[in-house]
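Secondary and tertiary structure notes
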Amino acid sequence: MSPTLDYLQYQFRSDLQILVGRWLRQPTDEELHAGYYHLLDAAEACGARLWLVDGRRRAHANQQGTPWMMEEFLPQLPQRLGGAVFMAYLFMPTHLYELEHDATVPPLTYFDGRQYHVQRFTEEQNAMQWLRACAAAQGQQ
């Protein structure tokens, strides 16, 4: 499966057991929510608990969506996907800097002890290595 919306492309990489979602442009708030639910439906269909989310084509990091992600979207992932979920996010260096210096965006330690884990990257190779390490630690590969 590799559907493409005009703002999001996604596919399940069965060879790696990773769902890859690539934002094609800056989404509206409505598109952001719909896009993440498309990713969740795709992940549920193939049992993907490892996600690579590429936001490098977006105009900015969209911190306005953070409360929705933290309070509504992320908490439902483990139940719908049957276990811990690992999400590697790719950002442009300037967007990553914005996120890391925005007091409204929780630090990565926020995810400690939760069933959904997030890490931020600027290089895809590093993101994939982290996802593979997560899979190995969970006995998924």
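The rules behind each value
Residues numbered from 1 in each chain as written. Predicted model: local features only at pLDDT ≥ 70, side-chain atom pairs only at ≥ 80, totals over all residues. Heavy atoms only, no water. Helix = DSSP H or I, 4+ residues; strand = E, 2+ residues; numbered from the N terminus. Rg over C-alpha atoms; globule rule 2.2 N^0.38 Å. Buried < 20%, exposed > 50% of the residue type's maximum accessible area, 1.4 Å probe, protein only. Contact = heavy atoms within 4.5 Å. Areas by Shrake-Rupley, 256 points an atom, 1.4 Å probe, with all protein chains shown as cover. Lys, Arg positive; Asp, Glu negative; His and termini not counted. Charge placed at Lys NZ, Arg CZ, Asp CG, Glu CD. Pairing = 2+ DSSP bridges. Axes fitted to C-alpha atoms, helices over the stretch in contact; angles between N-to-C directions. Core = buried A, V, L, I, M, F, W, Y, C linked by side-chain atoms within 4.5 Å. Phe/Tyr/Trp six-rings, centres within 6.5 Å; stacked < 30°, edge-to-face > 60°. Lys NZ or Arg CZ within 6 Å of the ring centre and 35° of its normal.

**Things to note about the overall build of the chain**
Within the chain, the secondary structure is distributed over five helices and five strands. For 141 residues, the compact-globule estimate of 2.2 N^0.38 gives 14 Å, and the C-alpha radius of gyration of the chain, at 14 Å, lies within 12% of that figure. Its C-alpha atoms give the chain principal-axis dimensions of roughly 35 × 35 × 30 Å. When each of the 141 residues of the chain is scored for burial, the buried share is 47%. Relative to all contacts within the chain whose residues are 6 or more apart in sequence, the contacts with residues 24 or more apart total 71%. Of the roughly 7,000 Å² of accessible surface on the chain, 48% is carried by carbon and sulfur atoms. Taken together, the 11 basic and 16 acidic charged side chains of the chain have centroids lying 6 Å from each other.

**Quick look at the sheet that holds strand β1 (residues 8-13)**
Taken together, the five strands give an open sheet; going across it, the order is β1-β2-β3-β4-β5, and neighbouring strands pair in mixed fashion. Strands at the two margins of the open sheet, each flanked by one partner only, are β1 and β5 (116-121). Across the sheet, the axes of successive neighbouring strands diverge by a mean angle of 15 degrees, strand direction being ignored. Bridge analysis of strand β4 (residues 85-90) against β5 gives six bridges, and the strand direction is parallel. Residue Tyr89 lies in a different strand from β5, and its bridge partner there is Arg120.

**A word on the nonpolar core**
Counting 32 residues, the largest nonpolar core has Tyr36, Trp51, Phe73, Leu74 and Met87 as its most contacted members. Considering each element in turn, this core owes the most residues, six residues, to helix α1 (residues 29-46). By size, the runner-up hydrophobic cluster in this structure holds 15 residues, among which are Leu52, Ala84, Phe86 and Cys134.

**Notes on unusual backbone geometry**
With a phi close to 60 degrees, Gln17 is a non-glycine residue in the positive phi region. When you line up the elements, Gln17 lands in the loop between β1 and β2 (18-23). Judged by relative accessible area, Gln17 falls into the partly exposed class, the value being 35%.

**Examining the packing of aromatic side chains**
As enumerated under the stated definition, the model contains 13 aromatic pairs in all. A ring pair is formed by Tyr37 and Phe73, whose centres lie 5.4 Å apart and whose planes are at 85 degrees; its orientation type is edge-to-face. Within this pair, whereas Tyr37 is found in helix α1, its partner Phe73 is found in helix α2 (residues 66-73), the two being separated by 36 residues in sequence. Between Tyr110 and Phe111, the aromatic rings sit 5.1 Å apart at their centres with planes inclined by 90 degrees, giving edge-to-face as the arrangement. When its relative accessible area of 25% is taken as the criterion, Tyr110 is described as partly exposed. Cluster of aromatic residues (ring-pair linked, three or more members): Tyr7, Trp23, Tyr36, Tyr37, Trp51, Trp68 and Phe73. One residue, Arg58, lies across the ring of Trp23, its end atom 5.6 Å from the ring centre. Over the aromatic face of Tyr110 sits the side chain of Arg114, whose NZ or CZ is 4.0 Å from the ring centroid.

So, to be careful, I would describe these as geometric facts and stop short of saying anything about function.
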